[in-house]
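# Architecture at a glance
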Amino acid sequence: MADKKATLSVHGANEPLELPILSGSEGSDVIDINSLAQHGLFTYDPGFVSTAACMSAITYIDGDKGVLLHRGYPIEQLAEHSDYLELCYLLLNGELPKRAEREAFVEVIKNHTMVHDQLRNLFSGFRRDAHPMAIMCGVVGALSAFYHDSLDIDDAEHRTITAHRLIAKMPTLAAMSYKYSIGQPFVYPRNDLDYAANFLHMMFATPCEEYEVNPVLAKAMDRIFLLHADHEQNASTSTVRLAGSTGANPFACIAAGIAALWGPAHGGANEAVLDMLGDIGDEKNIDKFIARAKDPNDTFRLMGFGHRVYKNYDPRAKVMQETCREVLDELGIEDPMLRIAQRLEKIALEDEYFIERRLYPNVDFYTGIILKAMGIPSTMFTVIFATGRTPGWITQWIEMIAGGYRIGRPRQLYTGVSRRDYVPLAKR
Ligand code: SDX
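The following refers to the structure shown. Small disclaimer: the values here were computed from a predicted structure and weren't measured.

Parameters at a glance
- Residues numbered from 1 in each chain as written.
- Predicted model: local features only at pLDDT ≥ 70, side-chain atom pairs only at ≥ 80, totals over all residues.
- Heavy atoms only, no water.
- Helix = DSSP H or I, 4+ residues; strand = E, 2+ residues; numbered from the N terminus.
- Rg over C-alpha atoms; globule rule 2.2 N^0.38 Å.
- Buried < 20%, exposed > 50% of the residue type's maximum accessible area, 1.4 Å probe, protein only.
- Contact = heavy atoms within 4.5 Å.
- Pairing = 2+ DSSP bridges.
- 1 Å grid on protein atoms, 1.4 Å probe; cavity = no way out; pocket = protein on both sides within 12 Å on 5 of 7 lines; lining within 4 Å.
- Points joined across faces, edges and corners; volume = space filled by probe spheres on them.
- Nonpolar A, V, L, I, M, F, W, Y, C, P; charged D, E, K, R; others polar.

For the rest of this paragraph, the subject is the overall build of the protein. Summing up its helical and strand segments, the protein has 17 helices and six strands in all. Against the compact-globule benchmark of 22 Å for 428 residues, the protein has a radius of gyration of 23 Å, which places it among compact chains. In terms of overall dimensions, the protein has C-alpha extents of about 80 × 65 × 60 Å along its principal axes. Classification of the 428 residues of the protein by burial places 47% in the buried group.

Among the structural elements, Thr 390 can be located in helix 17 (residues 381-403). Ignoring any residue separated from it by four or fewer positions in sequence, one finds Thr 390 in contact with Leu 166, Ile 167 and Met 170.

So, about the sheet that holds strand 5 (residues 67-70). The sheet built from three strands is open, its strands ordered 4-5-6 with antiparallel pairing. In the strand order of this sheet, the two ends are held by strand 4 (59-62) and strand 6 (73-74), each with one partner. Pairing of strand 4 with strand 5, which is carried by four bridges, proceeds in the antiparallel orientation. Along strand 5, the bridge assignment pairs Asp 62 with Val 67.

The full count for this structure, using the stated rule, is two cavities of 30 Å³ or more. Of the voids in this model, the largest cavity is the one considered here, and its volume is about 80 Å³. As for the largest cavity, its lining consists of Leu 85, Ile 109, Lys 110, Thr 113, Ala 168, Pro 171, Arg 190, Asn 191, Leu 193, Asp 194, Tyr 195 and Asn 198. Of all elements in the fold, only helix 3 (99-110), helix 6 (156-181) and helix 7 (195-204) reach the threshold of two or more residues within the lining of the largest cavity. When the residues that make up the lining of the largest cavity are grouped by side-chain class, the tally is six nonpolar, three polar and three charged. Its boundaries defined by the atoms lining it, the second largest cavity holds a volume of some 70 Å³. Looking at the second largest cavity, the residues that line it are Met 114, Val 115, Asp 117, Arg 120, Thr 172, Met 176, Phe 186, Val 187, Tyr 188 and Pro 189.

The values reported here are purely geometric and, on their own, carry no functional implication.
Below you can see the structure in the form of C-alpha cells.
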C-alpha cells in the first residue's frame, strides 16, 4: 500500500491528524480511520455509504462502469463460458480449476447433497403455508446441530468441508421447503444429474412417474445460480461477516445471511418485482406506477431498480434479460409481464428522475419472470437467490476467519436523554 496520507483538522484539536490512505488492486483508495478512536473521535455513516468494512480479494464491482469481477474474471465471460460449480471452485480457491480439479470438486459436492434424514422432522414443525424463507432460516441454522464433527472455525479442513456441505445441501433444503409447502413428498437428490438439473428434479419430480429435466431450463437455472454467487459486501454478506466476527459457527452465520437477504430492499426484491408487475397488470398503468415511484411522499419504489453501488446497468441484469428470452422462447410463452417489464424499463431509463439518480435495472428485475415461466412460485425466488449466494457467503466468511479479524462493534451518535436520577413511583 502506498504511504499516501489524509490530513484531518478537527475543531478544538491542537494539531491536525494524519490518517493513512490505503490503496487496493482495483477501485477507490480508502482512508484508514482506525486510529481516530485513540483521539476520542468517531465517524458517522449510517448505511455504510462511504465505509469499507474489510479488505477482500474475492469480488470487485465498478459501479460506474457496470463491471463485476469474480477473482478477476468478468461476470459476462463466466456466464458465457463457465458454470455454477466451477464458479464456486473459483470463489473458494481463487483460480479456475484444471480438469481433474474440476471433476474432483463436482464429485465432492455430489457426495454431500443428501441431508440428515432427521432434518425432515424439522420441516413438519412449520405450517404448510409458511414462507419458504422462514423455513430456510430455520433449517440452515439447525444444520450446526448435525455436524458437531466440523465446527472448529480455526481448522481449515472444517471450514472447507462446511463450505462443501452448504453448497451441496442448499438446493436439497430449498427443494424440500417447496415440496413441504405444496404437500408433496420430498425428492431425494440424484447424483447422475448436474447441480441445476438435480435442483429442478427435486423441485418438480414426484414418486409417481419419471421426470425429465428440460436441459434449456437446467442451463438457465445454472446461470441464475451463477449470477447470484457473490457480490462484495452487500447487506447479507456483511451480516454473515458480522455474525462470523463473534466466532459463531458458519451454519448460524449463513442462516443470519439468509434472514438479511429476505428483505424487499435486498434479495426479496425479485419476489417484489413480480408482485409489482402483477399490480401494474397492463402497460396502460405503467405511467401511474412511475409517478408513484417518483413521488417523495409515496413509499412505493420501482422494485428491481436502483443499486447502492451500480450507477450504471447491473451487468447481471443484461445476462438475465437474455436468459429470460431464451426460457420464454423454449417454453413458447408470451408472458405479458415481460412486455410490461421491458416497457417499464424503457420509460424509466428515459425519465429524468431515474437518469438523474442513475437508477438502472438490477439483478432482480428479470429473474422473477424467468422463474415464474419455469413454474416456480414467487415465494421461492429469494430461496433461489440464497442458494445461489451461498458460495459467496461462505467464501467471504472463510476469508475473514482465515485472515484474522476482530469482533464487529460499530459505535453510535447518542441523541437520547442525558443522565438523570430515578423518580420513585409516589413522586411521578
Ligand atoms: C440486491 O448491495 C448489493 O450488492 C445487493 C445485490 C446483491 O447481489 O447482493 O445486488 C442484490 O439487493 C439488488 C437491489 C434489490 N432491491 C431493489 O430492487 C429494491 C428497489 N431499490 C431500492 O430500494 C434502492 O435502489 C436500493 C435499496 C437498492 C439502494 O438504495 P440506496 O443506495 O440507499 O439508495 P437510496 O435509497 O438512497 O436512493 C437514492 C435516491 C432516493 O431519491 P432521493 O431521496 O434522492 O430523491 O434514489 C431513489 C430514492 O428515493 N430511489 C428510487 C429507487 N431506488 C432509489 N426511487 C424509485 N424506485 C427505486 N427503485
